[in-house]
Structure formats: structure tokens, C-alpha cells
Amino acid sequence: QVQLVESGGGLVQPGGSLRLSCAASGSILRISTMGWYRQPPGKGRELVAVVTSDGNTNYADSVKGRFTVSRDNAKNTVNLQMNSLKPEDTAVYYCNLKQGYYLYWGQGTQVTVSS
């Protein structure tokens, strides 16, 4: 069994920064992909950024150059540094872990970008 616990969401003004963190516990395999998805109000869930266990990353075009995903394999954590935030980044952000055939999700953390 795997559990993902997120932290770091909140309210920020446009142009500001936030850092999201996610800690995974349980049976974590050596080879996995961890990252972040988000669900804006009234829309479906979408990819934000993911990172493999050997450090390869993939970003949504809308966040390239503003967001940075990183992970610590020893601690089973993944972080998302979000800079130059825009109102359209407002969403519930979900931590994600994919290993083998299995997909795990955190409970979600709200990020609101508003003046």
C-alpha cells in the first residue's frame, strides 16, 4: 500500500511563488515516476510536471520556464517549485506516483492565484 501526503498549497498573488511538497510512504519501487497534476475549477485533471526515478522530466507547455519539479529518491519525496504564478494556475494540485501497473494519488492541495 502506498500513501501520498501533499503540503504547501495556499493563496498567492499573481507573480508570486509557492512550493508544493509530497511525501510517499509504503512500498515504493526503485523505478517509478512521481509528479503533479492539477484540476482547475470546472475542468478535468491535467498534467503539470513529472519526474522519473532517473531524473527525466516532462512539463506541460503552460508551465515550462515557470515551474520546476524535483524529487529525492532516498526520501521518496517530490516537490514542485512554482514561480511567476498566474490566475490560470488556480487549481487543486494532486501528487501522483506511477509504478508498474499501479497509479496512486494524493488527496490534493488547493492553489489559488488571486489579487
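For the structure, check the block above.
This is a predicted model, so every value here is computed, not measured. (Residues numbered from 1 in each chain as written. Predicted model: local features only at pLDDT ≥ 70, side-chain atom pairs only at ≥ 80, totals over all residues. Heavy atoms only, no water.)

1. Thoughts on the state of the cysteines
Defined simply, a disulfide is a covalent bond joining two cysteines at their sulfur atoms.
1) Next: One pass over the structure, following the stated rule, counts one disulfide.
2) Next: The residue that forms a disulfide with Cys22 is Cys95, at a sulfur-sulfur distance of 2.0 Å. Linking Cys22 and Cys95, the disulfide has an S-S dihedral of approximately -85° and is accordingly described as left-handed. One end of the pair, Cys22, is in strand β3 (residues 18-26); the other, Cys95, is in strand β9 (residues 91-99), with 73 residues separating them in the sequence. (Disulfide = S-S within 2.5 Å. Helix = DSSP H or I, 4+ residues; strand = E, 2+ residues; numbered from the N terminus.)

2. Observations regarding unusual backbone geometry
1) Next: In this structure, Asn76 takes a positive phi of about 55° despite not being glycine.
2) Next: Classification of Asn76 as partly exposed rests on a relative accessible area of 21%.
3) Next: At Ser84, a position not held by glycine, the phi torsion is positive, near 50°.
4) Next: For Ser84, the location among the structural elements is in the loop between β8 (77-82) and β9.
5) Next: Look at Ser84 and you get partly exposed, because its relative accessible area is 40%. (Buried < 20%, exposed > 50% of the residue type's maximum accessible area, 1.4 Å probe, protein only.)

3. Some points on the sheet that holds β8
1) Next: Strand order in the open sheet made by the four strands is β1-β3-β8-β7, with antiparallel pairing throughout. Looking along the sheet, the strands with just one partner apiece sit at the ends: β1 (2-7) and β7 (67-72). Neighbour to neighbour, the strand axes of the sheet diverge by 15° on average, direction disregarded.
2) Next: Strand direction decides the pairing type here: β3 and β8, joined by six bridges, are antiparallel. Within the sheet, the bridge partner assigned to Ser21 lies in β8 and is Asn79. (Pairing = 2+ DSSP bridges. Axes fitted to C-alpha atoms, helices over the stretch in contact; angles between N-to-C directions.)

4. Considerations on the side chain of Ser53
1) Next: Turning to its location among the elements, Ser53 is positioned in the loop between β5 (46-52) and β6 (57-59).
2) Next: By relative accessible area, which is 19% here, Ser53 ends up buried.
3) Next: Residues contacting Ser53, with those up to four places away along its chain left out, are Arg30, Ile31, Ser32, Arg71 and Asn73. (Contact = heavy atoms within 4.5 Å.)

5. Digging into the environment of Asp89
1) Next: Relative to the assigned elements, Asp89 resides in the loop between β8 and β9.
2) Next: Excluding residues within four positions of it along the chain, Asp89 makes contact with Arg38, Arg66, Phe67, Ser84, Val111 and Val113.
3) Next: Separated by 2.8 Å, the side chain of Asp89 and the backbone nitrogen of Lys86 make a polar contact. (Polar contact = N/O pair within 3.5 Å; in protein donor to acceptor, adjacent residues only side chain to side chain.)

6. Here we look at the environment of Arg45
1) Next: When you line up the elements, Arg45 lands in the loop between β4 (33-39) and β5.
2) Next: With a relative accessible area of 37%, Arg45 lands in the partly exposed category.

7. Section: the side chain of Thr90
1) Next: Tracing the backbone shows Thr90 in the loop between β8 and β9.
2) Next: A distance of 2.9 Å separates the side chain of Thr90 from the backbone oxygen of Pro87, its partner in a polar contact.
3) Next: Of note is the side chain of Thr90, whose polar atom sits 2.9 Å from the backbone nitrogen of Val113.
4) Next: With sequence-adjacent residues up to four places away left out, Thr90 is seen in contact with Pro40, Pro41, Gln110, Val111, Thr112 and Val113.

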